Amino acid sequence: MKTLILLLILTWAWPAVAQNSNAPSERGAGRRGEPRRFGGPIELKEDDKPAFPVPPAGWDVRREGIPHGKLEMIEYNSKTVGTKRKMQVYTPPGYTKETKYPVLYLLHGIGGDETEWQRLATPNVLLDNLMADGKAVPMIIVMPNGRAQKNDRAEGDIFASAHAFATFERDLLDDVIPVIESSYSTRTNRQDRALAGLSMGGGQSLNFGLAHLGTFGWVGGFSSAPNTKPPTELLPKPEAAKQLKLLWLSCGNQDGLIPISQGVHAYLKEHDVPHVWHVASHGHDAAEWKQALYYFVQKLFK
Ligand code: FER
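What you see is a predicted model; the values in this text were computed from it and never measured.

Caption draft 1: Focus on the packing of helix α4 (residues 162–183) against helix α5 (residues 200–211). One can describe the packing of α4 onto α5 by two numbers: an axis separation of 10 Å at closest approach and a directional angle of 40°. When the axis of α4 is compared with that of α5, the two are oblique. Here α4 and α5 pass one another in a crossing that is right-handed. Together, Ala-162, Phe-165, Ala-166, Phe-168, Glu-169 and Leu-172 of α4 and Met-200, Gln-204, Phe-208 and Ala-211 of α5 make up the contact between the two elements. Partitioned by chemical class, the residues of the contact of α4 with α5 number eight nonpolar, one polar and one charged.

What follows is the structure, encoded as structure tokens:
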């Protein structure tokens with residue numbers, strides 16, 4: 001049965017795979033923001049509805065006259081990969097060593113890298129605005145590169161590097177988090193670390209977050225991709241997830257990958273695991289991820 005489902009997903013995804021590997025203009029950075037056509041037929045269920053409204057006017061516009069956070073690109077030595085790797089770090093307005101901050105680790109998709117979230121969704125603008133309005137608590141956001149291999153650029157056949165997104169589990173736990181916690185002024189309990197991502201990054205967040213409940217207190221999968229483990233593997237003991245402060249699943253209602261999120265949602269519901277299920281009117285696209293991030297961060301660390 002599992003093999004059949006996997007075969008079906010691969011068959012549906014194949015046109016997108018072929019397109020990506022054959023057309024240079026479709027490769028790598030820069031083609032994000034376009035609607036994507038992954039996956040198969042979409043069958044919406046009764047509760048596949050938005051949990052949040054369309055964001056209010058001005059939500060994603062940089063405002064003058066409010067304090068702004070800072071973005072920096074840093075390098076770290078990855079023992080896991082054996083190279084120097086990059087990650088983008090947002091520190092909130094007024095960041096000071098006198099305070100310890102919680103941290104959100106935010107993971108990109110199959111065609112992205114450490115710059116993708118910033119290009120697609122300007123998390124710094126969303127967070128600056130939300131903090132100015134008292135709707136989000138000050139936090140650090142880390143945007144690492146989830147393709148844990150020596151050449152971690154999104155080039156060539158991006159699907160051929162899908163396995164490197166699994167290797168990233170060790171890079172995140174053994175390299176990224178220790179580097180962040182020794183370089184920035186952070187709080188370091190499970191309730192002070194959140195893990196979320198889009199598509200491949202959504203699958204990574206569910207796979208790693210639910211396997212390391214002692215490390216992460218807040219886990220979010222946005223439009224999670226076929227790298228997401230089947231629900232019984234993700235959470236063999238569903239009651240264990242009840243220790244999470246937040247478990248979040250969201251997906252656009254025009255995204256052919258929605259069966260993956262629907263499957264996880266159905267399993268959580270069956271086992272009474274509290275979670276957010278947010279299905280807004282989008283495809284597999286930047287508009288979906290941006291509003292998911294906007295609402296996800298408002299729930300964090302409270
Ligand atoms: C697939 C379809 C889509 C797949 C991954 C994706 C690993 C990822 C899409 C994205 O990150 O946007 O079959 O297999």
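Caption draft 2: Broad picture of α4. Between the first and last C-alpha of α4 there are 29 Å, a value that for 22 residues agrees with the 32 Å anticipated at 1.5 Å per step. Along its length, α4 shows its largest kink, about 50°, at Asp-171. For α4, the set of buried residues is Ala-164, Phe-165, Phe-168, Asp-171, Leu-172, Leu-173, Asp-175, Val-176, Ile-177 and Ile-180. On its buried side, α4 packs onto β1 (70–78), β2 (83–91), β3 (103–107), β4 (140–143), β5 (193–198) and α5.

Caption draft 3: Expanded view of the pattern of salt bridges. A full pass over the atoms with the stated rule returns 13 salt bridges. Lys-269 is the partner of Asp-47 in a salt bridge, and the nearest nitrogen-oxygen pair spans 2.8 Å. Note that Asp-47 is positioned in the loop between α1 (2–22) and β1 and Lys-269 in helix α7 (residues 258–270), a separation of 222 residues in sequence. The partly exposed category is assigned to Asp-47, whose relative accessible area is 26%. Exposure remark for Lys-269: the relative accessible area of 49% places this residue in the partly exposed category. Across the salt bridge formed by Lys-79 and Asp-175, the nearest N and O atoms sit 3.0 Å from each other. With Lys-79 in the loop between β1 and β2 and Asp-175 in helix α4, this residue pair connects regions lying 96 residues apart in the sequence. It is possible to trace a salt-bridge network through shared partners that takes in Arg-85, Asp-113, Glu-114, Asp-152, Arg-153 and Asp-171.

Caption draft 4: How the structure looks around the sheet that holds strand β7 (residues 246–252). Reading across from one edge, β1-β2-β4-β3-β5-β6-β7-β8 is the order of the eight strands in this open sheet, with mixed pairing throughout. Each having just a single partner strand, β1 and β8 (276–280) make up the two edges of the open sheet. Ignoring which end each strand starts from, the neighbouring axes of this sheet average 20° apart. Against the sheet, α4 engages β1, β2, β3, β4 and β5, with an angle of about 120° to β1. Contacts between α7 and the sheet are confined to β7 and β8, with β7 contributing the most and set at about 145° to the helix.

What counts as what
- Residues numbered from 1 in each chain as written.
- Predicted model: local features only at pLDDT ≥ 70, side-chain atom pairs only at ≥ 80, totals over all residues.
- Heavy atoms only, no water.
- Axes fitted to C-alpha atoms, helices over the stretch in contact; angles between N-to-C directions.
- Helix = DSSP H or I, 4+ residues; strand = E, 2+ residues; numbered from the N terminus.
- Parallel < 35°, antiparallel > 145°, perpendicular 65-115°, else oblique.
- Left-handed = near helix turned anticlockwise from the far one by under 90°.
- Contact = heavy atoms within 4.5 Å.
- Nonpolar A, V, L, I, M, F, W, Y, C, P; charged D, E, K, R; others polar.
- Expected span 1.5 Å × (residues − 1).
- Bend = angle between axes of the 7 residues up to and from the residue.
- Buried < 20%, exposed > 50% of the residue type's maximum accessible area, 1.4 Å probe, protein only.
- Salt bridge = Lys/Arg side-chain N within 4 Å of Asp/Glu carboxyl O.
- Pairing = 2+ DSSP bridges.

Any functional reading would require information beyond the geometric quantities listed.
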